[in-house]
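Here are the chains, one letter per residue:
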Amino acid sequence: MQRVYDYAVIRVVPRVEREEFINVGVIVSCQGARTLAAAVALDPARLHALDPHADVATLQRHLDAIVRICRGDADGGPIAALPARARFHWLTARRSSVIQVSPVHTGRTDDPDGLCARLLARMVLPAGPVRGA
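Just so it is clear, the model here is predicted, and its values are computed rather than measured.

**Quick word on the packing of aromatic side chains**
Stage number 1. Applying the stated criterion across every chain, the model contains one aromatic pair.
Stage number 2. Here Tyr5 and Tyr7 contribute two aromatic rings whose centre-to-centre distance is 6.1 Å and whose plane-to-plane angle is 35°, an arrangement assigned as tilted.
Stage number 3. Given a relative accessible area of 8%, Tyr5 falls into the buried group.
Stage number 4. Across from the ring centre of Phe21, 4.2 Å away, lies the NZ or CZ of Arg11, which sits over that ring.

**Some thoughts on helix α3 (residues 84–91)**
Stage number 1. The complete set of buried residues in α3 reads Arg87, Phe88 and Leu91. One face of α3 carries all of its buried residues, which in axial projection span an arc of 100°.
Stage number 2. Its buried side turned inward, α3 meets β1 (3–12), β2 (22–30), β3 (35–40), α2 (56–71) and β4 (99–101).

**Topic: the state of the cysteines**
Stage number 1. As enumerated under the stated definition, the model contains zero disulfides in all.
Stage number 2. Free cysteine: Cys30, not disulfide-bonded; nearest cysteine sulfur from Cys116 at 12 Å.
Stage number 3. Of the cysteine sulfurs around Cys70, a residue in no disulfide, the closest is that of Cys116, at 7.8 Å.

**Quick look at the packing of α2 against α3**
Stage number 1. Look at α2 against α3: their axes get within 9 Å of each other, and the N-to-C directions meet at 155°. On the basis of the axis angle, α2 is roughly antiparallel to α3. Only Arg87, Trp90 and Leu91 of α3 make contact with α2, whose side of the interface consists of Ile66, Ile69, Cys70 and Arg71.
Stage number 2. For the contact of α2 with α3, a count of residues per class yields five nonpolar, no polar and two charged.

**Considerations on the side chain of Asn23**
Stage number 1. By the secondary structure assignment, Asn23 is in strand β2.
Stage number 2. At 3.0 Å, the side chain of Asn23 and the backbone oxygen of Met123 are in polar contact.
Stage number 3. The contacts of Asn23, once residues within four sequence positions are left out, are Val9, Ile10, Arg11, Arg46, Met123 and Val124.

**A look at the pattern of salt bridges**
Two side chains that carry opposite charge are able to pair once their charged atoms sit near each other.
Stage number 1. Counting across every chain of the model gives six salt bridges.
Stage number 2. Among the ionic pairs, Arg18 bridges to Glu20, the shortest N-O distance being 3.0 Å.
Stage number 3. Residue Arg18 is classed as partly exposed on the basis of its relative accessible area, which comes to 43%.
Stage number 4. Close ionic contact of Asp111 with Arg118 constitutes a salt bridge, the shortest N to O distance being 2.9 Å.
Stage number 5. The class of Arg118 is partly exposed, set by a relative accessible area of 38%.

**Things to note about the environment of His89**
Stage number 1. Relative to the helices and strands, His89 resides in helix α3.
Stage number 2. Looking at His89, the relative accessible area reads 47%, which means it is partly exposed.
Stage number 3. Linking His89 and Ile79, residues ten residues apart in sequence, is a C-alpha distance of 11 Å.

What counts as what
- Residues numbered from 1 in each chain as written.
- Predicted model: local features only at pLDDT ≥ 70, side-chain atom pairs only at ≥ 80, totals over all residues.
- Heavy atoms only, no water.
- Phe/Tyr/Trp six-rings, centres within 6.5 Å; stacked < 30°, edge-to-face > 60°.
- Buried < 20%, exposed > 50% of the residue type's maximum accessible area, 1.4 Å probe, protein only.
- Lys NZ or Arg CZ within 6 Å of the ring centre and 35° of its normal.
- Helix = DSSP H or I, 4+ residues; strand = E, 2+ residues; numbered from the N terminus.
- Arc of directions from axis to C-beta.
- Contact = heavy atoms within 4.5 Å.
- Disulfide = S-S within 2.5 Å.
- Axes fitted to C-alpha atoms, helices over the stretch in contact; angles between N-to-C directions.
- Parallel < 35°, antiparallel > 145°, perpendicular 65-115°, else oblique.
- Nonpolar A, V, L, I, M, F, W, Y, C, P; charged D, E, K, R; others polar.
- Polar contact = N/O pair within 3.5 Å; in protein donor to acceptor, adjacent residues only side chain to side chain.
- Salt bridge = Lys/Arg side-chain N within 4 Å of Asp/Glu carboxyl O.

Read these as spatial facts, not as claims about activity.
Structure below.
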């Protein structure tokens, strides 16, 4: 059965004034499957190409907090205690900070369990070799 889902891409904008960013994760909400999940994959080399002085450890801690909030972990703070849809809206609210999210996109899937990993592979992880090249 096809289910509707929403997702946003998590971005790191190491120097906000330059508006350059790298995709580092995804947040996925599928109400029909009662799913709220996030996955992150911060690539320090790509980050340092934009800002050689970026603090990878601090950024990773903040990105890991997004994952904990999505899971509703007790150590995710008060936002993690909100209902799943409220957490999704809080996490995807527009910000002018080093960690930002894309606009929310909508899609349909018949595999909500594998959706987060598929979106991470498509939107964040390095692309494989081009076929026929």
